Amino acid sequence: MAEIADYFSVSQFLLVKINKLTSPPYAGQILQIPSERGNIYIVQEGDTKILLCGSEENYRALNGTDVFYIGMRVVIG
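Not measured: the values here are computed from a predicted model.

Draft legend 1. Structural context of the side chain of Asp47. Note on placement: Asp47 falls in the loop between β1 (39–42) and α3 (49–53). Buried charged residue Asp47 carries no salt bridge. Nearest counter-charge: Lys49, at 13 Å. At a separation of 2.8 Å, a polar atom in the side chain of Asp47 contacts the side chain of Tyr41. Those residues in contact with Asp47 that lie beyond four places of it in its chain are Tyr41, Ile42, Leu52 and Phe68.

Draft legend 2. Spotlight on the pattern of salt bridges. One pass over the structure, following the stated rule, counts 2 salt bridges. Between Asp6 and Arg73 there is a salt bridge, with its nearest N and O atoms 2.6 Å apart. In this pair, Asp6 is assigned in helix α1 (residues 2–8) and Arg73 in strand β2 (residues 73–76), connecting sequence segments 67 residues apart. On the basis of relative accessible area, Asp6 is assigned to the partly exposed category, the value being 28%. Judged by its relative accessible area of 39%, Arg73 falls in the partly exposed class.

Draft legend 3. Fine view of unusual backbone geometry. One non-glycine residue, Lys20, lies in the positive phi region at around 50°. Structurally, Lys20 is set in the loop between α2 (12–19) and β1. By relative accessible area, Lys20 is classed as exposed at 71%.

Basis of the calculations
- Residues numbered from 1 in each chain as written.
- Predicted model: local features only at pLDDT ≥ 70, side-chain atom pairs only at ≥ 80, totals over all residues.
- Heavy atoms only, no water.
- Helix = DSSP H or I, 4+ residues; strand = E, 2+ residues; numbered from the N terminus.
- Buried < 20%, exposed > 50% of the residue type's maximum accessible area, 1.4 Å probe, protein only.
- Lys, Arg positive; Asp, Glu negative; His and termini not counted.
- Salt bridge = Lys/Arg side-chain N within 4 Å of Asp/Glu carboxyl O.
- Polar contact = N/O pair within 3.5 Å; in protein donor to acceptor, adjacent residues only side chain to side chain.
- Contact = heavy atoms within 4.5 Å.

Encoded structure:
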């Protein structure tokens, strides 16, 4: 899933949410790719949702989740 998300510059959480996935996608499965894209960034110590995306609402819209932790790949806007 990470490779697909990185290729299209979207978050894994958003791909899962939009496609209502309960298991990893299988070869040949058609996935919806969100139209909103951004730059993939790996969260570092000291980063915040507001610092990376301007607001918590923007973070949620770009990433499809409120989850946020060091080492996580997120879309920034």
